[in-house]
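# Remarks on the overall topology
Chain residues, written in single-letter form:
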Amino acid sequence: MTKEDTMYARITPYKMKPGSQAAATKVMNALKDKIMALEGQQSFLNVSNDEDGTGYVISTTENAETAPETAEKIKALWGAFSEFLVEQPTVRSYDIVADWRA
């Protein structure tokens, strides 16, 4: 990757109430347009384990830092899952050093 096409990742570990994956997925699908409209958003991947409620959201973005307005939007999106979450997740940002695909 060159400096011009550097991308960043927001990785958010979360914990849902076990067994809530199907209901939370319906909420997520309803929010897809808002999720994908976040400033700089390039991709969105959500992985979860319905048995223990653990999961990760991995988003790639063009922005090295999350703007305060975008952070508020992300917090509001997570708020839509409040009935399923064990606790409010913490978003962390990382540099992408490799992005390989088959």
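Everything below is about the structure shown above.
Residues numbered from 1 in each chain as written. Predicted model: local features only at pLDDT ≥ 70, side-chain atom pairs only at ≥ 80, totals over all residues. Heavy atoms only, no water.

A few words on the overall build of the protein chain. Helices and strands together make up the secondary structure of the protein chain, namely three helices and four strands. Ordering the α and β elements of the protein chain from the N terminus gives β-α-α-β-β-α-β. For the protein chain, whose C-alpha radius of gyration is 14 Å, the value lies close to the compact-globule estimate of 13 Å for 102 residues. Structurally, the protein chain occupies a C-alpha span of about 40 × 35 × 20 Å along its principal axes. (Helix = DSSP H or I, 4+ residues; strand = E, 2+ residues; numbered from the N terminus. Rg over C-alpha atoms; globule rule 2.2 N^0.38 Å.)

Take the pattern of salt bridges next. The full count for this structure, using the stated rule, is one salt bridge. Between Asp99 and Arg101 there is a salt bridge, and its shortest N-O distance comes to 3.1 Å. A relative accessible area of 66% places Arg101 in the exposed class. (Salt bridge = Lys/Arg side-chain N within 4 Å of Asp/Glu carboxyl O. Buried < 20%, exposed > 50% of the residue type's maximum accessible area, 1.4 Å probe, protein only.)

Turning next to the nonpolar core. Core analysis: the largest hydrophobic core is formed by 14 residues, its most contacted members being Tyr14, Met16, Trp78, Phe81 and Leu85. With three residues, helix α3 (residues 68-79) is the largest single contributor of residues to this core. In contact with Leu85, other than residues within four places in its own chain, are Tyr14, Lys15, Met16, Lys17 and Trp78. (Core = buried A, V, L, I, M, F, W, Y, C linked by side-chain atoms within 4.5 Å. Contact = heavy atoms within 4.5 Å.)

Let us now look at the pairing of strand β3 (residues 54-61). Pairing between strand β1 (residues 8-15) and β3: eight bridges, direction antiparallel. Opposite Ile11, over in β3, you have Ile58 as the bridge partner. As paired elements, strand β2 (residues 41-48) and β3 share seven bridges and run antiparallel to each other. What sits directly across from Ser43, in β3, is Thr60. (Pairing = 2+ DSSP bridges.)

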